[in-house]
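Take a look at the letters that make up each chain.
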Amino acid sequence: MGVANRLDLTLRLVQGSDRVSVSELSHRLGVSEMTVRRDLDALERQGLVRRVHGGAVATRAREEGAGFSAREPWQAATKDRLGAAVAAMVEPGSRVLLDAGTTTVHVAEHLAERAPLTVAVVSLQAAVRLVDRPGIELLIIGGRSRPGEQSLVGPLALRTIEALAFDCFVLSIGGVHAEYGWSEFSLDDAAVKQAALAQSDRTIAVADATKLGVRAFSQVAAVGAVDVFVTDSAAQDAVTHPNGPLTLSALRDAGVRTVLA
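These remarks concern the structure in this document. (Residues numbered from 1 in each chain as written. Predicted model: local features only at pLDDT ≥ 70, side-chain atom pairs only at ≥ 80, totals over all residues. Heavy atoms only, no water.)

**Remarks on the environment of Asp227**
Right, on to step 1. Positionally, Asp227 belongs in the loop between strand E13 (218–221) and strand E14 (228–231).
Right, on to step 2. Taking the C-alpha atoms as reference, Asp227 lies 25 Å from Glu137; in sequence the two are 90 residues apart.
Right, on to step 3. With near-sequence residues (within four places) excluded, Asp227 lies in contact with Asp201, Arg202, Thr203, Gly255, Val256 and Arg257.
Right, on to step 4. At 2.8 Å, the side chain of Asp227 and the backbone nitrogen of Thr203 are in polar contact. (Helix = DSSP H or I, 4+ residues; strand = E, 2+ residues; numbered from the N terminus. Contact = heavy atoms within 4.5 Å. Polar contact = N/O pair within 3.5 Å; in protein donor to acceptor, adjacent residues only side chain to side chain.)

Given below as structure tokens:
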């Protein structure tokens, strides 16, 4: 696993728990405890986590700096490749619900090439990429902007989604596990994703290979709840991503089409 990928996942695992130990991170990431300690030191220098005895906690007071803006530059080339692959699967004329996340921002950039489209977003970052783009009818789902992530959550967001019907939902996810299924680090984000799944004819999930084998805090849906999963080719490399091949196999067994971009 590349350093940037590992830092990305380490940060999200710490943010998803009140406290996480070095040994747990070592087990979840498949790296040595010494490597975990170095990574936590690097994240602490950036003000993104706080080291405590035997582990780390999220810097809640600086949550805004520890969210989307911190992760956005990491693995940007991989995420852009995934974004292009997902956008190519969206048929012109579709009604699309685009999830929040650093990868779906890249999907948004490429969706303009698939116009005409109606695109509803639960991300202020995605909205910026799509506003005033020719052929894109942009709908911004209401709700509360979650600090740091700028994802739209809460009762207003849920009611709006439940009042609409979509041809396609592009799902960004914190983790996918062979047994636990699709999961997210935030309860609020998980609730939005569950509502979106229920209102969509087709779901395309997208995540980089570091998310395979991960059990985040809040379960979103069972493994077979999506139609297509797009990830990077590193997911099939058992050396760099020990949980990758097993998770891909479980997805295929559940009837999910997997695409390696």
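**Notes on unusual backbone geometry**
When glycine is set aside, most residues are seen to have a negative phi, and most peptide bonds are trans.
Right, on to step 1. Here the residue pair Ala115 and Pro116 is connected by a cis peptide bond, since its omega of 5° sits within 30 degrees of zero.
Right, on to step 2. At Asp132, a residue that is not glycine, the phi angle is positive and equals roughly 65°.

**Some thoughts on helix H9 (residues 187–198)**
An α-helix turns once every 3.6 residues. As a result, residues three or four positions apart point the same way.
Right, on to step 1. Over its 12 residues, H9 extends 17 Å from the first C-alpha to the last, a length consistent with the 16 Å expected when each residue adds 1.5 Å.
Right, on to step 2. Among all positions in H9, only Asp189, Ala190, Val192, Lys193, Ala195, Ala196 and Leu197 are buried.
Right, on to step 3. The residue sitting at the N-terminus of H9 and contributing the capping side-chain oxygen is Ser186; that oxygen lies 3.2 Å from the backbone nitrogen of Asp188. (Expected span 1.5 Å × (residues − 1). Buried < 20%, exposed > 50% of the residue type's maximum accessible area, 1.4 Å probe, protein only.)

**What to know about the side chain of Thr210**
Right, on to step 1. Assignment of secondary structure puts Thr210 in the loop between strand E12 (203–206) and E13.
Right, on to step 2. Note on Thr210: relative accessible area 2%, which makes it buried.
Right, on to step 3. One polar contact links Thr210 to Asp208, side chain to side chain, over a distance of 2.4 Å.

**Section: the pattern of salt bridges**
When the charged atoms of two side chains with opposite charge come close together, those side chains can pair.
Right, on to step 1. Per the counting criterion, the structure on display carries 10 salt bridges.
Right, on to step 2. Asp189 serves as the salt-bridge partner of Arg146, at 2.8 Å between the closest nitrogen and oxygen. Here Asp189 lies in helix H9 and Arg146 lies in the loop between strand E7 (144–145) and strand E8 (152–153), a separation of 43 residues in the sequence. Both residues of the pair, Arg146 and Asp189, count as buried. (Salt bridge = Lys/Arg side-chain N within 4 Å of Asp/Glu carboxyl O.)

**Topic: the packing of helix H2 (residues 22–29) against helix H3 (residues 33–45)**
Right, on to step 1. In contact at an axis separation of 9 Å, H2 and H3 are set at 110° when each is read in the N-to-C sense. The orientation of H2 with respect to H3, classified from their angle, is roughly perpendicular. For the pair H2 and H3, contact is made by Val22, Ser23, Leu25 and Ser26 and by Glu33, Val36, Arg37 and Leu40, respectively.
Right, on to step 2. When the residues that make up the contact of H2 with H3 are grouped by side-chain class, the tally is four nonpolar, two polar and two charged. (Axes fitted to C-alpha atoms, helices over the stretch in contact; angles between N-to-C directions. Parallel < 35°, antiparallel > 145°, perpendicular 65-115°, else oblique. Nonpolar A, V, L, I, M, F, W, Y, C, P; charged D, E, K, R; others polar.)

**Considerations on the sheet that holds strand E9 (residues 168–172)**
Right, on to step 1. Overall, parallel pairing links the seven strands, which are arranged E6-E5-E4-E9-E12-E14-E15 in an open sheet. Two strands bound the open sheet, and with one partner strand each, they are strand E6 (136–140) and strand E15 (257–260). Averaged over all pairs of adjacent strands, the angle between strand axes in this sheet comes to 20°, irrespective of strand direction.
Right, on to step 2. Two strands pair when backbone bridges link them, and strand E4 (residues 95–98) and strand E5 (residues 117–121) are joined in this way by four bridges, in the parallel orientation. Its bridge partner lying in E5, Leu97 is registered against Ala120.
Right, on to step 3. The strands touched by helix H6 (residues 102–111) are E4, E5, E6, E9 and E12; relative to E4, the strand with the most contacts, the crossing angle is about 150°.
Right, on to step 4. Sheet strands in contact with H9 are E4, E9 and E12, and its direction is about 155° off that of E9. (Pairing = 2+ DSSP bridges.)

**Re the pairing of strand E11 (residues 181–184)**
Right, on to step 1. As judged from the three bridges shared by strand E10 (residues 175–177) and E11, these two strands associate in the antiparallel manner. Its bridge partner being in E11, His177 is matched across the sheet by Gly181.
Right, on to step 2. Linking E10 back to E11 in an antiparallel pair, the connection comprises three residues.
Right, on to step 3. Relative to E13, E11 runs antiparallel, the two being bridged by three bridges. Within E13, the residue paired with Ser183 across the bridge is Gln219.

**A short note on the pairing of E5**
Right, on to step 1. With respect to burial, E5 is a largely interior element, four of its five residues being buried.
Right, on to step 2. On the question of chirality, the crossover connecting E4 to the parallel E5 by way of H6 is right-handed.
Right, on to step 3. Note: E5 against E6, five bridges, orientation parallel. Of the residues in E6, the one forming a bridge with Thr118 is Glu137.
Right, on to step 4. Handedness of the E5-helix H7 (residues 124–130)-E6 crossover: right-handed. (Right-handed = clockwise from strand over helix to strand, strands pointing away.)

Keep in mind that these numbers describe shape and distance, not what the molecule does.
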